[in-house]
Every structure is written in structure tokens, then in C-alpha cells.
Amino acid sequence: MSSSTPTTTTDSSKAARPTTLNFITGNANKLAEVRAILFTETNVVEGGDNSSNKPQLVLQSRDVPGHEIQGSIEEVARDKCSRAAAVVGGPVLTEDTALEFAAYNGLPGPYIKYFLQAVGHEGLNNMLAAYEDKTAFAVCTFAYCGGPGQDPILFQGRTQGRIVPARGPSNFGWDPVFEYEGKTYAEMDKAEKVRLGPQKIIRPSA
Ligand SMILES: O=c1nc[nH]c2c1ncn2[C@H]1C[C@H](O)[C@@H](COP(=O)(O)OP(=O)(O)OP(=O)(O)O)O1
Ligand SMILES: [Mg+2]
């Protein structure tokens, strides 16, 4: 993924090309999937070791301090990334996952974490019991921020699926209730899930 490489600049008045880019998340499963998707021996390291001069993606498992704001997926993503850059004091990559129900015009969206915690897989299904349309979109929004005070840049992928009664191991979030092409994410093995690309990737501006 090209967003794993920090921006290069030929303008010597700007900051030097960063040597590390931290991916920050408090979610061990998310970290594992990002590792599986982005890992190459040359550009990803664990922890903070950066003995080579190449830009490296450092995977950090820690919560971004502060609270998630209310707002659109993009506003939530930008805010978390800015807070992460402030705490790290340098370039960071963060990710926010939303789950939009078509019948709810996009909700729970960025609030899926709290709905999942509150009502579980069965509750997510019950929310849709009154509706014929079980369509859901998994929305992954990566945010890159060059450093404290800089505007984050977003990259967003969307995958269309449907909400079904839970099938498969309950290891990660809403994986058992999100069905994509006949299988829930939980029924896929990890390699299969991380190989799936989003159906489209956009650079949201708002
Ligand atoms: O592929 C996924 N399959 C199933 N569930 C998933 C996936 N990816 C995120 N999830 C869950 C975790 C959390 O309940 C919510 C997103 O919330 P989100 O804020 O992005 O993640 P988080 O708070 O766990 O970690 P972070 O420290 O990166 O903010 O959806
Ligand atoms: Mg979060």
C-alpha cells in the first residue's frame, strides 16, 4: 500500500523525510491484520527499532489517548489520527472501521464498536429484523498525518456485504455477522480475509 510510505519532499525547507511511520491501534486483531496486509521485510518493524535509514512502518499496539469524537466517519478518523500524531510527535497512520447498515442510512457507522459492545451479534441482527434489506458496508478508513498540527489525509475502502446470524469463531468484532459472497468474515481463514481487497478505494475530502 502506497500510504505506508511517508511523503517525500524535494523542498529542503520542509522537514526531512521521516524515517519511521507509526501505525497506532489499541486493537490487537486490527494490528495483526494490518501486519498481514502490509508486511514486507524491508518496511515493517515491530516496536521502535529503526537501525536502517529506510522509512519503516512501526506497528504500535496502544490506545490513542483521549476520546473518539462524534461525527462522520471521516471526522472521527481525522480526529483520532491528529491525536495520535500529537502523542507520537511525528508521522502516524491510524485506521477506523465503520459498519454501515443500509436500512439505517449508514448507522451505526463509526459507532459500531459501541453497538457491538452493547447488544452483541444477536442484537445487531435484531436491529435489522424489521427491515427486508440486510445490506451492510464495511468501511475502512486509513488516516495519515505527517506530524502534530498537520492535516490528515484519508484513504477509504468499502466492502458490501450483509448482516446474518453469527457463523464462525467469535474472535474479532463483527466478523461472524458480516457475510461477504456467501461466507462470514469469521468463516474465512485469516489469509483469505486479508487478501480480499475493498471493492473501491477513495480519497474522501470532507
Ligand atoms: O475487520 C474487522 N472485523 C470485525 N470487526 C472489526 C474489524 N475491524 C474493526 N472491527 C471492530 C473493532 C471495533 O469494535 C470496531 C471498530 O472501531 P475502531 O475504533 O476502528 O477500532 P478500535 O477502537 O478497536 O481500535 P483503534 O485503537 O484502532 O481505534 O469494529
Ligand atoms: Mg477506536
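About the cut-offs
Residues numbered from 1 in each chain as written. Chains lettered and ligands numbered in written order. Predicted model: local features only at pLDDT ≥ 70, side-chain atom pairs only at ≥ 80, totals over all residues. UniProt positions renumbered as here; feature names shortened; annotations may be inferred. Helix = DSSP H or I, 4+ residues; strand = E, 2+ residues; numbered from the N terminus. Contact = placed C-beta atoms within 7 Å. Core = buried A, V, L, I, M, F, W, Y, C linked by C-beta atoms within 7 Å. Buried ≥ 20, exposed ≤ 12 C-beta atoms within 10 Å, placed from the backbone. Near = placed C-beta within 6 Å.

With reference to specific residues and values, describe the UniProt feature "binding site: Mg(2+)" (unreviewed entry) in the protein.
In this structure's numbering, the residues bearing the UniProt feature "binding site: Mg(2+)" (unreviewed entry) are Glu68 and Asp96. The largest pairwise C-alpha distance within this set of annotated residues, which runs over 29 residues, is 10.3 Å, so the set is compact in three dimensions. Relative to the helices and strands, glutamate 68 is located in the loop between β3 (56-61) and α2 (73-88). Other than its neighbours up to four places away in sequence, glutamate 68 contacts Val76 and Lys80. For aspartate 96, the location among the structural elements is in strand β4 (residues 92-101). Each residue touching aspartate 96, except ones within four places of it in the same chain, is listed here: Ile73, Val76, Ala77, Lys80, Pro110 and Thr141.

A description of the nonpolar core should follow, citing residues and the corresponding values.
Grouped together as the largest cluster of nonpolar side chains are 39 residues, with contacts concentrated most on Cys81, Ala84, Val92, Ala143, Cys145, Ile163 and Phe178. Residue assignment for this core shows that the elements contributing at least two residues are β1 (20-25), β3, α2, β4, α3 (112-127), β6 (135-145) and β7 (153-163). No other element matches β6, which puts eight residues into this core. Non-local contacts of alanine 143, meaning those with residues more than four positions away in its chain, are made with Ala77, Arg78, Cys81, Thr94, Pro152 and Leu154.

Describe the site of ligand 1, and please don't skip the residues or the numbers.
Taken together, 16 residues lie around ligand 1, and Thr25, Asn27, Thr97, Lys113 and Gly173 are the ones closest in. Counting only elements with at least two residues in the shell around ligand 1, the list comes to β4 and α3.

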